Amino acid sequence: MISFVAQTENMYEILLRSHSGLRWILLAVVLGAIFRAFTNMSSGKFTPLDDKLSLFSLIFAHIQLLLGFGLYFISPFVKAAMEAGMGVAMKDAVMRFWLVEHLTGMLIGIALITVGRIAAKKAATDQAKFKKIAVFFTLGLLVILATIPWPFREALGRGWF
Ligand code: HEM
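This structure is a prediction, so every number in the text was calculated from the model and none was measured.

S.K.: Even after reading the chapter, I still don't get helix H6 (residues 126-146), so can you show me in this structure?
M.R.: For an α-helix the count is 3.6 residues per turn, leaving residues at separations of three or four pointing the same way. In a regular helix each residue adds 1.5 Å, so 21 residues correspond to 30 Å; H6 covers 30 Å between its end C-alpha atoms and thus fits that length. For H6, the set of buried residues is Lys129, Phe130, Ile133, Ala134, Phe137, Gly140, Leu141 and Ile144. All buried residues of H6 lie within an arc of 165° about the axis, which places them on one face of the element. Among the exposed residues of H6, those oriented more than 90 degrees off its buried face are Leu142 and Ala146.

S.K.: Would you explain the coordination of the iron atom of the ligand in this entry?
M.R.: Working reference: metal with six octahedral donors, ideal angles 90 or 180 degrees; metal with four tetrahedral donors, ideal angle 109.5 degrees. Bound to the iron atom of the ligand are the protein donor atoms His19 (NE2) and His102 (NE2), situated 2.0 Å from the metal. Of note is the iron atom of the ligand, whose 6 donor atoms meet at the metal with angles of 84 to 179° in an arrangement that counts as octahedral. Here His19, found in helix H1 (residues 2-40), pairs with His102, found in helix H5 (residues 93-122); they are 83 residues apart in sequence, far enough to count as distant. Note on accessibility: His19 and His102 belong to one class, buried.

S.K.: Please clarify how the layout of surface pockets should be interpreted in this entry.
M.R.: Over the atoms, a rolled probe matching the size of one water molecule traces out where space is still vacant. By volume, the largest pocket is sized at about 910 Å³. Taken together, 38 residues form the lining of the largest pocket, with His19, Ser20, Gln64, His102 and Pro149 sitting closest to its centre. Of all the secondary structure elements, the ones that give two or more residues to the lining of the largest pocket are H1, helix H2 (48-72), helix H3 (76-84), H5 and H6. When residues of the lining of the largest pocket are assigned to their parent elements, the largest contribution, 11 residues, is made by H1. Of the residues assigned to the lining of the largest pocket, the class counts are 27 nonpolar, 7 polar and 4 charged.

S.K.: Looking at this structure, I do not really get the packing of aromatic side chains. What am I missing?
M.R.: Any aromatic ring pair is given by two values, namely how distant the centres are and how the planes are angled relative to each other. Counted according to the given criterion, the structure contains 6 aromatic pairs. For the pair Phe56 and Phe60, a centre-to-centre distance of 5.9 Å together with 35° between the ring planes defines the contact as tilted. You can see Phe56 and its partner Phe60 sitting in helix H2, 4 residues apart, about one turn around the helix. Assessed through its relative accessible area of 33%, Phe56 is described here as partly exposed. Taking the relative accessible area as the measure of exposure, Phe60 reaches 18% and is therefore buried.

S.K.: What's the story with empty space enclosed by the protein in this structure? I'm lost.
M.R.: What the rule picks out here adds up to 1 cavity of 30 Å³ or more. Volume-wise, the largest cavity comes out at about 40 Å³. If you go around the largest cavity, the residues you meet are Ala33, Arg36, Ala37, Phe46, Asp50, Leu53, Phe130 and Ile133. At the level of secondary structure, the elements contributing two or more residues to the lining of the largest cavity comprise H1, H2 and H6. Here the lining of the largest cavity gets 3 residues from one element, more than from any other, and that element is H1. Of the residues assigned to the lining of the largest cavity, the class counts are 6 nonpolar, no polar and 2 charged.

S.K.: Any chance you could explain the nonpolar core here in plain terms?
M.R.: Side chains of a nonpolar character, in soluble globular proteins, are inclined to be buried together. In terms of nonpolar packing, the biggest core is built from 26 residues, with Val30, Ile133 and Phe137 touching the most fellow members. Among the elements of the structure, H1, H2, H5 and H6 are those that each provide at least two residues to this core. Among the elements that make up this core, the one with the highest residue count is H1 (9 residues). Apart from the residues lying within four places of it in its own chain, the contact partners of Phe137 are Val30, Ala33, Ile34, Ser54, Ser57, Ile113, Gly116, Arg117 and Lys132. If you look at the next biggest cluster of nonpolar residues, it comprises 8 residues, including Tyr72, Ala81, Ala89 and Trp98.

What counts and how
- Residues numbered from 1 in each chain as written.
- Predicted model: local features only at pLDDT ≥ 70, side-chain atom pairs only at ≥ 80, totals over all residues.
- Heavy atoms only, no water.
- Helix = DSSP H or I, 4+ residues; strand = E, 2+ residues; numbered from the N terminus.
- Expected span 1.5 Å × (residues − 1).
- Buried < 20%, exposed > 50% of the residue type's maximum accessible area, 1.4 Å probe, protein only.
- Arc of directions from axis to C-beta.
- Donors = N, O, S within 2.8 Å, 3.2 Å for Na, K, Ca; no water.
- Tetrahedral: all angles 85-135°; square planar, octahedral: opposite > 155°, others 65-115°.
- 1 Å grid on protein atoms, 1.4 Å probe; cavity = no way out; pocket = protein on both sides within 12 Å on 5 of 7 lines; lining within 4 Å.
- Points joined across faces, edges and corners; volume = space filled by probe spheres on them.
- Nonpolar A, V, L, I, M, F, W, Y, C, P; charged D, E, K, R; others polar.
- Phe/Tyr/Trp six-rings, centres within 6.5 Å; stacked < 30°, edge-to-face > 60°.
- Core = buried A, V, L, I, M, F, W, Y, C linked by side-chain atoms within 4.5 Å.
- Contact = heavy atoms within 4.5 Å.

Rendered as structure tokens:
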């Protein structure tokens, strides 16, 4: 029993650190893809680098999704909110954030990045590919930024790393 609890705590620590660190890598590739999309949208050529940037945005976003789901089922913050019950949790800003807002926002953000990558793949011209990435990735990033546990939201008690 004790070793099961210790293993869950280790798993929690590993998932949380990975989930926390991966956000920076995801941010870097998504920003890179968006920057190239906006600067090349009018006449640039869609190069293998652009393909890789959108591919790795998709891959890292999906790994972040898996890590997030892993955390969702063992996080003490989500557990506390679930135990409190929907009625109570929805009235508490911190509980509501971990139970609903972070999950929903990230799912929408990741879905937008996924749709953007697929739409860019299917687009016939380089300009259309850049436009799809510019629109969908920017919207996705905005939703992700809106539902991140920012360190300045003090009640959430999170740091930068
Ligand atoms: C682009 C996607 C995502 C980003 C950038 C992101 C970012 C973050 C960050 C920065 C933290 C705080 C980490 C820390 O305290 O060091 C966090 C915590 C957390 N995330 Fe995400 N997240 C994403 C997706 C998701 C998804 C889809 C889920 C759920 C299915 C999720 C569930 C969680 C949970 C449960 C925690 C808190 C764990 C705890 O402290 O007990 N995340 N996330």
